[in-house]
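# Structural overview
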Amino acid sequence: MSGALKEVNIKYDLPTVDAAIKRITFNIRNGVASGISAVKIIHGFGSTGSGGKIRTEARRYLENQKQRGLIRDYIPGEKFSIFDDATLKAFQYCDQLRRDSDLERHNNGITIVILK
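First, a word on scope: everything that follows refers to the structure included in this document. All figures in this text were calculated on a predicted structure; none of them were measured in a lab.

### Quick look at unusual backbone geometry
Backbone geometry at leucine 14 places phi at a positive 50 degrees, although glycine is not the residue there. Relative to the helices and strands, leucine 14 is located in the loop between strand 1 (5-9) and helix 1 (17-34). One non-glycine residue, histidine 106, lies in positive phi territory at about 50 degrees. Following the sequence through the fold, histidine 106 ends up in the loop between helix 3 (85-93) and strand 4 (110-114).

Pasting the structure below:
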């Protein structure tokens, strides 16, 4: 499944931040084990009052994972654009991202994770 993209909705039942981070961790590990190249995390953007905390903590967690070398990179949805260097680099690992419906939508309710 080289170049495959997996989409995961972690906000569907408005989980706590801790539960959301556990879902992200599970999906990253599962994705790596399955040969997935990228995971699109749908976390919401905070309109309900809880998505904003999840987005903030998810990105903090992903930055930590990147620094530790456990993921290749992550791209906030609002930067997911053909004019963004990280997005262009991500296309090399996951060609499916070129056709993703959120490309150029500046959707801050998602984050793209590029796996190792």
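### Some words on the pattern of salt bridges
What the rule picks out here adds up to ten salt bridges. Among the salt bridges present, the one from arginine 99 reaches aspartate 95, with a minimum N-O distance of 3.2 Å. The residue aspartate 102 makes a salt bridge to arginine 105 at a minimum N-O spacing of 3.5 Å. On the basis of relative accessibility, which here comes to 6%, the residue aspartate 102 falls in the buried class. Since its relative accessible area comes to 55%, arginine 105 is described here as exposed. Each member of the salt-bridge network shares a partner with another, and the members are Glu7, Lys40, Asp100, Asp102 and Arg105.

### Some thoughts on the environment of isoleucine 75
For isoleucine 75, the location among the structural elements is in strand 3 (residues 73-76). It is 6.5 Å that separates the C-alpha atoms of isoleucine 75 and valine 113, two residues lying 38 residues apart in sequence. Ignoring anything within four residues of it in the chain, the contact list for isoleucine 75 reads Phe80, Asp84, Ala86, Thr87, Ala90, Thr111 and Ile112.

### A short note on the side chain of aspartate 100
With respect to the helices, strands and loops of the structure, aspartate 100 is situated in the loop between helix 3 and strand 4. Aspartate 100 sits in the buried class, given a relative accessible area of 11%.

### Focus: the packing of aromatic side chains
The description of an aromatic ring pair uses the distance of the two centres, along with the angle that the planes make with each other. Enumeration according to the criterion identifies zero aromatic pairs in this entry. The residue whose ring lies beneath arginine 72 is tyrosine 93, and the NZ or CZ to ring-centre distance is 3.9 Å.

### A few points about helix 3
For helix 3, every residue scored as buried is listed here: Thr87, Ala90 and Phe91. Angularly, the buried residues of helix 3 cover 110 degrees about the axis, an arc narrow enough to put them on a single face. Structural note: helix 3 exposes Asp85 and Gln92 on the side pointing more than 90 degrees away from its buried face. Where helix 3 is buried, its residues touch strand 3 and strand 4. Its side-chain oxygen 3.3 Å from the backbone nitrogen of alanine 86, aspartate 84 forms the N-cap of helix 3.

### Describing helix 1
Over its 18 residues, helix 1 runs 25 Å from end to end, which matches the ideal 26 Å to within 8%, given 1.5 Å per residue. Buried residues of helix 1: Ala20, Ile21, Arg23, Ile24, Thr25, Asn27, Ile28 and Gly31, and no others. Note on helix 1: the residue one or two positions beyond its end, glycine 35, has a positive phi of about 80 degrees.

About the thresholds
- Residues numbered from 1 in each chain as written.
- Predicted model: local features only at pLDDT ≥ 70, side-chain atom pairs only at ≥ 80, totals over all residues.
- Heavy atoms only, no water.
- Helix = DSSP H or I, 4+ residues; strand = E, 2+ residues; numbered from the N terminus.
- Salt bridge = Lys/Arg side-chain N within 4 Å of Asp/Glu carboxyl O.
- Buried < 20%, exposed > 50% of the residue type's maximum accessible area, 1.4 Å probe, protein only.
- Contact = heavy atoms within 4.5 Å.
- Phe/Tyr/Trp six-rings, centres within 6.5 Å; stacked < 30°, edge-to-face > 60°.
- Lys NZ or Arg CZ within 6 Å of the ring centre and 35° of its normal.
- Arc of directions from axis to C-beta.
- Polar contact = N/O pair within 3.5 Å; in protein donor to acceptor, adjacent residues only side chain to side chain.
- Expected span 1.5 Å × (residues − 1).

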